[in-house]
Amino acid sequence: MKTFCGRANPTTGSMEWLEEGEDYDYHQEIARSRYADMLHDKDRNVKYYEGIRAAVSRVKGRGEKAIVLDIGTGTGLLSMMAASAGADFCYAIEVFKPMANAAVKIVEKNGFSDKIKVINKHSTEVTVGPDGDMQCRANILVTELFDTELIGEGALPTYEHAHKYLVQEGCEAVPHKATVYVQLVESRRMWSWKKLFPVHVEAEDGEKILVPPSEMENCPGVPSVCDIQLNQMPSSDFTALSDVVTMFSVDFSKPVQSASTYYRVQLEPVKSGKAQIVLSWWDIDMDPSGMINCTMAPYWVKPTSALQWRDHWMQCVYFLPREEPVLQGEKLYLTACRDQYSVWYNLQKAREGENKADEEENKADEEEHKAAVRVESPVCRCRAHLLWNRPRFGELNDQDRTRQYIKSLRKVLKTDSVCLCISDGSLLPVLAHYLGAKQVQYLVLFFRSLHFSLFFKANHLEDKIKIIEARPELLKPSHLEDKKISVLVGEPFFTTSLLPWHNLYFWYARTAVSTHLASDVTVLPQSASLHMMVVEFQDLWRIRSPCGTCEGFDVQTMDDMIKDSLNFRESKEAEPHPLWEYPCKSLSDPQEVLTFDFTKTVPQHCLSTEGSVKLLRKGKSHGAVLWMEYHLAANISVSTGLMQLSNEKGNCEWNPHCKQAVYFFSSVIESEILSDPTAVTYAINFDTKTGEIAMDFKL
Ligand code: SAH
């Protein structure tokens, strides 16, 4: 079956209709899935295997048959472990059809077809009985249904159902238990992902301060989890205000309740400061002994020898509804609220009298607290969190970046400037106004920045900046009061951009508004350039690297499937990754490969380039990183990619607010010697009609 999917092209902005086969979503999901990453997670695999062996031998030791239920079997890995450990029979449940098919093949290839039955269903659809999917209830429950937040993939309702209908009372569960840990911290860097800090602008007539709307002060933000590679956050970027404390745990061997609830712990700050952030991670005990533990604890909590890189489980950053000054040694309550799929936090100070060891009083207080802590799941009230995502908040709070824009605006603006801004949720119109532009218009695209009005109101700018709601091609002279635009500005930033060059939409918008531009118009940025560098990743290579065998099981079918899906449409395409979280070292110099001249309209012909880069360092060339740089005005540029390169070792510092494009080479090139430098040749083509960049690399 074929379907047509409509979408606005992120680069050109034009509506296009794509014919999608029904396999399209499957391939997308597999190509970008975390299956490979899980199979590469040695620590996880080894511990699951140990836990499964222990559970099977406990059941066998009781003289029972070992009947395993493996919910979300994926490749069938955990069922094969159970069968190898001596389980009598395994029911391997997998809802995702292509994976269930792969599991059947993998199980067969490894010779377990008589011991493992793959069932392509959601676990809640599975039936038990003589004619059912399962002959009888299982006495071993094995699952791996966890995400970084533990419960985000629906583990709780799945367990709740399984205990009611699919497993015996007193069953063994692998993992046996999960525990969630938290630590209260102060961090300007992480807080800048949730709050807009005041922006200071030195204007002709004194300093102007751009303030966030009051609605933003106590806004709880959005409920979506903020999961990051916390191990890449240097200790200088946060201050721990509390010890690590256990927040809550879930025993998977007993009936699990998924209904909303909350957990409360008492905290005593080890340091005074501003409580802003709750860092959180979990660990799982594979068996009741507690000896087989798999932990996501960050580097400052565990020895480096226990560090296992993984991308499918990271750590969480939770933002408190508001910043709370806390004193060392004072009594605080931290509450974790959860529904079936997500967790959020709240901090309260103990009130007067609570420090007394008066049991009765404490009890009454406890009840009072219970009522007080039933906090609603965070829903953004100020609308800014709907307009800006977390990296965008970080970018807008980046003072160095703002300074570059102010400096360049100052260069190009005159008192009679008629200014038009094209960018999503941008502060540029405000900066342009403060810096003295006579007339500032802000072209709001597709209603994306509608929520911006609150912000203008807070700064008394409603009548200073005119918001035009129109697509660039529908802009009329009347929108501009029949004036020609003398300064066209953009960051450029668009919420629809996934890959760095999608922000070239600015160029297309600029082309669409051409007739409204004065003959001597200044366009800021005046141009953009695409840059490229060959790198060796410390770890990220794993997500695209074949597994072959995993703990002795042949999972090559999975590798082939991922390869097929990558070739389905994704081949010759780069993928976005925030590289501050994924360290790499440069093997070549950074190279400018294409330039885009915003002072002119988008040309009809393609822009293409060919060349080669020398590999300067010993290492494995996993791929190329690509990013955009914007040339705002003479000698003022901002980079959305590489910020700094330390040359001896090739360590890279990446823009922490942007995703860069990563193009993984199909085979890894190993360069050993410097005396005979190898070169990588490239061909890069920007199709101005489709806005797509195609690339090819060869050794
Ligand atoms: N067990 C495998 C794969 C884990 S990934 C391993 O450890 O390597 C989790 C898998 O569970 C995914 O393939 C997902 O499609 C599946 N899944 C999640 N919830 C499920 C449910 N309730 N019933 C059936 N499959 C489920």
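- As annotated in an unreviewed UniProt entry, the protein chain is Protein arginine N-methyltransferase 7 from Melanocharis versteri.
- Looking at the protein chain in UniProt, the text filed under Catalytic activity (unreviewed entry) is "L-arginyl-[protein] + S-adenosyl-L-methionine = N(omega)-methyl-L-arginyl-[protein] + S-adenosyl-L-homocysteine + H(+)".

### Observations regarding the overall build of the protein chain
Piece 1. Looking only at helices and strands, one finds 16 helices and 38 strands in the protein chain.
Piece 2. Taken over C-alpha atoms, the radius of gyration comes to 28 Å for the protein chain, in line with the 27 Å a tight globule of 699 residues would show.
Piece 3. Along the three orthogonal principal directions, the C-alpha set of the protein chain runs to about 90 × 70 × 55 Å.
Piece 4. In the protein chain, which comprises 699 residues, the proportion classed as buried is 57%.
Piece 5. Taking contacts inside the protein chain between residues at least 6 apart in sequence as the whole, the part at least 24 apart equals 78%.
Piece 6. If you sum the accessible surface of the protein chain, you get close to 30,200 Å²; carbon and sulfur atoms cover 49% of it.

### With respect to the domain arrangement of the protein chain
Piece 1. Domain assignment breaks the protein chain into domain 1 (3-32), domain 2 (34-144), domain 3 (178-351 + 366-373), domain 4 (398-524) and domain 5 (527-698).
Piece 2. Centre-to-centre separation of domain 2 and domain 4, based on C-alpha positions: 57 Å.

### Regarding the pattern of salt bridges
Piece 1. For the structure shown, the criterion picks out 30 salt bridges.
Piece 2. The shortest N-O distance in the salt bridge between Glu 481 and Lys 483 comes to 3.9 Å.
Piece 3. Looking at Glu 481, the relative accessible area reads 47%, which means it is partly exposed.
Piece 4. The closest approach of N and O atoms between Asp 597 and Lys 600, which form a salt bridge, is 3.2 Å.
Piece 5. Given a relative accessible area of 29%, Asp 597 falls into the partly exposed group.

### With respect to the site of the ligand
Piece 1. The immediate surroundings of the ligand are formed by 18 residues, with Tyr 35, Arg 44, Gly 72, Glu 94 and Ser 123 found nearest.
Piece 2. The separation between an oxygen atom of the ligand and a polar side-chain atom of Tyr 35 is 2.5 Å.
Piece 3. At 3.3 Å, a backbone N or O of Thr 73 approaches a nitrogen atom of the ligand.
Piece 4. Protein chains bury 90% of the 580 Å² of accessible surface belonging to the ligand in isolation.
Piece 5. Looking at the shell around the ligand residue by residue, the classes come out as eight nonpolar, six polar and four charged.

### Focus: empty space enclosed by the protein
Piece 1. Taken as a whole and assessed by the stated rule, the structure comprises five cavities of 30 Å³ or more.
Piece 2. In this structure, the largest cavity occupies an estimated 70 Å³ of space.
Piece 3. Along the walls of the largest cavity sit Leu 396, Arg 401, Thr 402, Tyr 405, Leu 427, Leu 428, Leu 431 and Glu 491, which together make up its complete lining.
Piece 4. Counting only elements with at least two residues in the lining of the largest cavity, the list comes to α12 (399-412) and α13 (428-434).
Piece 5. Top element by residues in the lining of the largest cavity is α12. It accounts for three residues.

### Considering the nonpolar core
Piece 1. Membership of the largest hydrophobic core comes to 111 residues, with the highest contact counts inside it found for Leu 69, Leu 334 and Tyr 345.
Piece 2. A total of seven residues in this core trace back to one element, the largest contributor, which is strand β15 (residues 273-285).
Piece 3. Here Leu 334 is in contact with Val 182, Met 247, Tyr 263, Arg 264, Val 265, Leu 267, Val 278, Leu 320, Tyr 345, Asn 346 and Leu 347, once residues within four sequence places are set aside.
Piece 4. Ranked by size, the runner-up nonpolar core spans 90 residues in total, among them Leu 431, Tyr 442, Leu 480 and Leu 594.

### A word on the environment of Val 182
Piece 1. Looking at the secondary structure, you find Val 182 in strand β8 (residues 177-186).
Piece 2. Through-space distance from the C-alpha of Val 182 to that of Phe 248 is 9.5 Å; in sequence the pair is 66 residues apart.
Piece 3. If we ignore the near neighbours within four places in the chain, the residues touching Val 182 are Asp 243, Val 244, Val 245, Met 247, Val 278, Leu 279, Ser 280, Leu 334 and Tyr 345.

### Digging into the sheet that holds strand β5 (residues 116-119)
Piece 1. Sheet architecture is open: five strands sit in the order β5-β4-β3-β6-β7, paired in parallel fashion. Each end of this open sheet is capped by a strand with a single partner; those strands are β5 and β7 (167-174). Strand-to-strand twist across the sheet, computed as the mean angle between neighbouring axes with direction ignored, equals 25 degrees.
Piece 2. For strand β3 (residues 67-71) and strand β4 (residues 89-93), the ladder comprises five bridges, and the chain directions are parallel. From the neighbouring strand, Ile 71 faces β4, where its bridge partner is Ile 93.
Piece 3. Sheet strands touched by helix α4 (residues 77-84): β3, β4, β5 and β6 (138-143). Its angle to β4, the strand with the most contacts, is close to 175 degrees.

### Let's talk about the environment of Gly 273
Piece 1. Note on placement: Gly 273 falls in strand β15.
Piece 2. Considered as a pair, Gly 273 and Val 326 are 53 residues apart in the sequence and their alpha carbons are 5.5 Å apart.

### Focus: the pairing of β6
Piece 1. For β6, the buried fraction is high: six of the six residues fall into the buried class.
Piece 2. Sheet topology places β3 next to β6; four bridges connect them, and they run parallel. Its bridge partner being in β6, Leu 69 is matched across the sheet by Leu 141.
Piece 3. The pairing of β6 with β7 spans four bridges and is parallel. What sits directly across from Val 142, in β7, is Val 174.
Piece 4. The parallel pair β6 and β7 is bridged by helix α6 (residues 155-165), and the resulting crossover is right-handed.

### A look at unusual backbone geometry
Piece 1. For the peptide bond that leads from Glu 491 to Pro 492, omega is -15 degrees, which places it in the cis range.
Piece 2. Tracing the backbone shows Pro 492 in the loop between β23 (485-489) and α15 (505-512).
Piece 3. The omega torsion of the bond from Leu 524 to Pro 525 falls at 0 degrees, within 30 degrees of zero and hence cis.
Piece 4. Mapped onto the secondary structure, Pro 525 falls in the loop between β24 (517-524) and β25 (527-537).
Piece 5. Backbone geometry places Glu 481, a non-glycine residue, at a positive phi of 50 degrees.

### Notes on the packing of aromatic side chains
Piece 1. Considering all chains together, one arrives at 25 aromatic pairs under this definition.
Piece 2. Ring geometry for Trp 282 and Trp 313: centres 4.8 Å apart, planes at 70 degrees, overall edge-to-face. Residue Trp 282 is found in strand β15, and its partner Trp 313 is found in the loop between β16 (293-295) and β17 (315-326); the two are separated by 31 residues along the sequence.
Piece 3. In this structure an aromatic cluster arises from ring pairing among Phe 146, Tyr 159, Phe 252, Trp 282 and Trp 313.
Piece 4. Over the face of the ring belonging to Tyr 49 we find Arg 53, whose NZ or CZ atom lies 3.9 Å from the ring centre.
Piece 5. Over the ring of Tyr 333 we find Arg 264, and its NZ or CZ is 3.9 Å from the ring centre.

### Some thoughts on α4
Piece 1. Most of α4 is tucked away: seven of the eight residues are buried.
Piece 2. Downstream of α4 by one or two residues, Gly 86 has phi in the positive range, about 105 degrees.

Rules and cut-offs
Along every chain, residues carry numbers that run from 1 in the direction the sequence is written. Where local features are concerned, this predicted model is filtered to residues with pLDDT of at least 70; where side-chain atom pairs are given and counted, the filter is 80 or more; whole-chain, interface and lining totals use all residues. Water and hydrogen atoms play no part in the side-chain values, which are based on all heavy atoms of the structure. UniProt positions are given in the numbering used here, feature names are shortened, and annotations may be inferred rather than shown by experiment. Helix and strand definitions follow DSSP, with helices as H or I runs of at least four residues and strands as E runs of at least two, each counted in order from the N terminus. Values of the radius of gyration come from C-alpha atoms, whereas the globule rule sets the reference at 2.2 Å times the count of residues to the power 0.38. We call a residue buried when its accessible area falls under 20% of the maximum for its residue type, exposed when it is over 50%, and partly exposed in between, using a 1.4 Å probe and counting protein chains only. Contact criterion: two residues are considered in contact whenever any of their non-hydrogen atoms come within 4.5 Å of each other. All accessible areas in this document rest on Shrake-Rupley with a 1.4 Å probe, and a residue is counted as covered only by the protein chains that are shown. These domain boundaries are the output of an automatic or database domain assignment. When a carboxyl oxygen of Asp or Glu lies within 4 Å of a side-chain nitrogen of Lys or Arg, that pair is called a salt bridge. Near residues are defined by distance, with any heavy atom within 4 Å of the molecule or strand qualifying the residue. For this analysis, a polar contact is any N or O atom pair within 3.5 Å, provided that within protein one partner can donate a hydrogen and the other can accept it, and provided that sequence-adjacent residues contribute only side-chain to side-chain pairs. Nonpolar residues are Ala, Val, Leu, Ile, Met, Phe, Trp, Tyr, Cys and Pro. Charged residues are Asp, Glu, Lys and Arg, and all others, Gly as well, are polar. Put simply, the grid is 1 Å and covers the protein atoms alone, a cavity is a trapped set of points that fit a 1.4 Å probe, a pocket is an open set with protein on both sides within 12 Å along at least five of seven lines, and lining residues have an atom within 4 Å of a point. Grid points are joined across faces, edges and corners, and a volume is the space filled by probe spheres set on the points. Buried residues of nine kinds, namely Ala, Val, Leu, Ile, Met, Phe, Trp, Tyr and Cys, make up a nonpolar core once their side-chain atoms join them within 4.5 Å. A pair of strands is labelled paired if DSSP reports no fewer than 2 bridges between them. Here the axes come from fitting lines to C-alpha atoms, over the contacting stretch only for helices, and the angles between their N-to-C directions go from 0 to 180 degrees. Seen with the strands pointing away from the viewer, any crossover whose path from the first strand over the helix to the second strand runs clockwise is right-handed. Here a pair means two rings of Phe, Tyr or Trp (six-membered ring of Trp) with centres within 6.5 Å. Their orientation is stacked below 30 degrees between planes, edge-to-face above 60, and tilted elsewhere. Geometrically, a charge over a ring is one whose NZ (Lys) or CZ (Arg) sits within 6 Å of the ring centre while staying within 35 degrees of the ring normal.

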